[in-house]
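# Coordinate analysis (summary)
These are the residues of each chain, in order.
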Amino acid sequence: MAAAWAAMVACAQSAYAVPVPPAKLPVPDPITINLPDLRGQTTAADEADFDKYFYFHRSGTTFGEALADIRECDGYARGLASPFGYQETPYPYAGTMAGALGGALGNLLVSAIFGSAEVRKARRSNMRRCMNYKGYDRYGLNKDVWQSFNFEEGLHHVDEDKRQLMLAQQAKAASLVDPVGKVLGR
Amino acid sequence: MSLLLAFAIASVGPTKAEKKLLQPVKDTPAVQLDPNGAYILLRSPAPAAINLFRLATPPEIEDYRGRRWQALQKAHTKWVNKHAQWQQEIATWNQTKGTVGGSAPEEPIEPTDDNLDFSTIDEENMLGFGPLFRFAKDSGGTSTYLQRVWPGRYVLYGSLLINPNGGATGMCVCMGTVAFDANAGEITDVGSVQVNGTDVLIYPNLLNKAKPEEVEGLRSGAITMMRLTPANSSMPLDPRLSSFKTVPAVFKRAGPVPNYYGVQVDRLTAIPGVLSYDRDKIVDPGEVSAAH
């Protein structure tokens with residue numbers, strides 16, 4: 001058992017390089033962000049997978065607000081943290097996420113044990129919980145449409161540039177798109 | 001502020017010898033407590049891991065910065081050697097056009113303050129209560145945990161099973177929680193902390209097993225994975241502690257706190273008179289907007 005654990009640890013420590021986002025991320029012009037048509041029909045088979053394939057939307061929200069919210073939730077989900085600890089004075093979480101990656105690094109060990117599917121599921125539920133607390137609703141999508149501007153994250157990390165582009169696309173859907181279909185539960 | 005608490009805040013934290021004293025109090029017929037010690041007492045309806053961290057003081061943060069800087073220098077020195085070795089390897093690999101030795105050797109990442117694998121200061125100050133080392137268990141199944149701690153301000157963080165070699169599972173109340181002071185010469189009674197290891201987003205069948213009066217709250221997220229009931233008269237104190245000064249924790253709202261361990265992110269269920277939310281904003285109960 002100890003040997004197996006050591007092997008997993010060694011594997012986890014050598015297999016990944018965790019990218020670090022810049023401290024101050026730019027906010028792109030939403031006009032430059034392309035988004036697929038989210039108004040397409042969905043089937044009963046699609047509906048069965050709405051727990052996985054969906055987009056967030058909150059009316060009356062600007063693109064900048066939605067992007068800050070999605071980046072913040074993404075930061076929680078991937079375990080970003082400043083190394084110098086929690087400060088009691090209020091601070092904009094999204095602007096202070098860059099820093100030590102204690103959670104992101106440490107949890108590689110857990111990822112190696114529980115497997116990629118569980119890690120992907122954990123990310124999904126973290127994003128849903130976080131965005132729900134921020135007042136966003138969920139709307140279902142066809143899997144192919146979803147995959148064109150979303151990512152799943154399991155044992156391997158998503159390239160930072162690709163991640164930021166997709167987060168911007170998700171922010172555009174969350175703010176500037178008229179949602180169709182029924183509101184799903186959180 | 002007591003002199004002892006003032007001293008604790010001005011110090012760089014406990015020494016190694018002092019850390020050895022900061023242990024759970026054992027369930028023995030006669031209990032001996034240090035009259036100058038600070039203790040935290042909390043209960044749980046079922047055995048559970050409950051984690052708090054102590055807020056670092058300015059001298060501790062300075063000390064941490066120094067230790068972190070030293071670790072970075074050490075890591076960087078190692079990286080310089082590894083990188084030089086990699087340059088030789090990649091040159092050889094390029095000369096052979098990749099026909100020998102498989103795929104190209106991966107360039108070692110230069111350690112920086114941003115990517116250094118070094119625990120955050122809050123992780124260093126993290127405390128675990130339970131699920132083992134109970135101080136008491138009553139006939140109703142409630143577990144009581146009592147632990148000597150370093151005086152200071154504590155933040156309720158979550159429920160974690162932390163592997164000493166790195167990594168953890170569990171949940172944090174990163175999106176909203178409470179803090180309280182633990183003073184020397186007192187047992188600070190936190191009350192009762194109820195932990196659900198999961199929620200309906202992870203385990204939808206939870207609703208089928210829930211108490212009827214909790215189904216809607218669990219569904220909507222109003223009831224979260226961690227609930228705190230401040231100490232009250234329905235939570236009797238163990239008679240073995242009667243000769244020691246016990247005070248109810250005075251809570252203030254806290255957070256958001258980073259997800260240091262990359263676990264499930266949640267928030268503490270709202271507490272009447274203590275903690276409320278306006279969407280994701282952590283607010284005093286009196287500040288809740290009527291619009292939400």
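Because the structure is predicted, anything quoted here is derived from the model rather than measured.

### A few points about the overall build of chain A
Looking only at helices and strands, one finds 7 helices and 2 strands in chain A. Across the 186 residues in chain A, those meeting the buried criterion constitute 51%. Across chain A, the fraction of contacts at a sequence separation of at least 24, relative to all contacts at a separation of at least 6, is 84%. Just so you have it, chain A exposes about 8400 Å², and 56% of that area is on carbon and sulfur atoms.

### Observations concerning the packing of aromatic side chains
Applying the stated rule across the entire model yields 10 aromatic pairs over all chains. Between A:Phe54 and A:Phe56, the aromatic rings sit 5.2 Å apart at their centres with planes inclined by 70 degrees, giving edge-to-face as the arrangement. What makes A:Phe54 buried here is its relative accessible area of 7%. Over the face of the ring belonging to A:Tyr133 we find B:Arg267, whose NZ or CZ atom lies 3.7 Å from the ring centre. Against the face of B:Tyr277 rests B:Arg267, its NZ or CZ located 3.9 Å from the ring centre.

### Structural notes on the environment of A:Leu155
Within the secondary structure layout, A:Leu155 lies in the loop between helix 6 (143-147) and helix 7 (160-175). Residue classification places A:Leu155 among the partly exposed residues on the basis of a relative accessible area of 21%.

### Some details on unusual backbone geometry
Residue and element names in this part refer to chain B. In this structure, Pro131 follows Gly130 across a cis peptide bond, with omega equal to 0 degrees. Counting through the fold element by element, Pro131 comes out in the loop between strand 3 (126-129) and strand 4 (136-137). Following Gly255, the chain continues into Pro256 via a peptide bond in cis, with omega recorded as 0 degrees. Within the fold, Pro256 resides in the loop between strand 12 (252-254) and strand 13 (264-265). Of note, Phe133 is a non-glycine position whose phi angle comes to about 60 degrees, a positive value. Within the secondary structure, Phe133 sits in the loop between strand 3 and strand 4. Here Arg279, not a glycine, exhibits a phi torsion of approximately 55 degrees, which is positive. As for its position among the elements, Arg279 is in the loop between strand 14 (276-278) and strand 15 (281-283).

### Details of helix 3 (residues 63-78) of chain A
If you check helix 3 of chain A, its first and last C-alpha atoms are 22 Å apart, about what 16 residues at 1.5 Å a residue would give, namely 22 Å. Judged by how many residues are buried, helix 3 of chain A sits mostly within the fold: 13 of 16 residues are covered.

### Examining the confidence of the model for chain A
All names here are of chain A. Confidence in the prediction of chain A, expressed as mean pLDDT, is 79, and 74% of residues score 70 or more. Ranking the helices and strands of chain A by mean pLDDT puts strand 1 (residues 54-57) first, with 98, and helix 1 (residues 2-15) last, with 33. Of the regions scoring below 50 in pLDDT, residues 1-20 engages in 27 contacts with residues more than four places distant in sequence or in other chains.

### Side note on the interface of chain B and chain A
Interface size is commonly expressed as the accessible area that is lost once the parts come together. Contacts between the two partners involve 54 residues from chain B and, on the opposite side, 41 residues from chain A. When chain B packs against chain A, the two sides together hide about 3900 Å² of surface, and 56% of this comes from carbon and sulfur. In this assembly, chain B and chain A are joined by 2 salt bridges. Taken together, the links from chain B to chain A amount to 14 residue pairs in polar contact (both at pLDDT 80 or more). Of all the secondary structure elements, the ones that give two or more residues to the side of chain B that touches chain A are helix 3 (58-95), helix 4 (121-124), strand 6 (152-162), strand 7 (168-172), helix 6 (215-220), strand 12 and strand 13 of chain B. The residue inventory of the side of chain B that touches chain A, partitioned by class, reads 25 nonpolar, 14 polar and 15 charged.

Calculation notes
- Residues numbered from 1 in each chain as written.
- Chains lettered and ligands numbered in written order.
- Predicted model: local features only at pLDDT ≥ 70, side-chain atom pairs only at ≥ 80, totals over all residues.
- Heavy atoms only, no water.
- Helix = DSSP H or I, 4+ residues; strand = E, 2+ residues; numbered from the N terminus.
- Buried < 20%, exposed > 50% of the residue type's maximum accessible area, 1.4 Å probe, protein only.
- Contact = heavy atoms within 4.5 Å.
- Areas by Shrake-Rupley, 256 points an atom, 1.4 Å probe, with all protein chains shown as cover.
- Phe/Tyr/Trp six-rings, centres within 6.5 Å; stacked < 30°, edge-to-face > 60°.
- Lys NZ or Arg CZ within 6 Å of the ring centre and 35° of its normal.
- Expected span 1.5 Å × (residues − 1).
- pLDDT = per-residue confidence, 0-100.
- Buried area = accessible area lost by both parts, 1.4 Å probe.
- Salt bridge = Lys/Arg side-chain N within 4 Å of Asp/Glu carboxyl O.
- Polar contact = N/O pair within 3.5 Å; in protein donor to acceptor, adjacent residues only side chain to side chain.
- Nonpolar A, V, L, I, M, F, W, Y, C, P; charged D, E, K, R; others polar.

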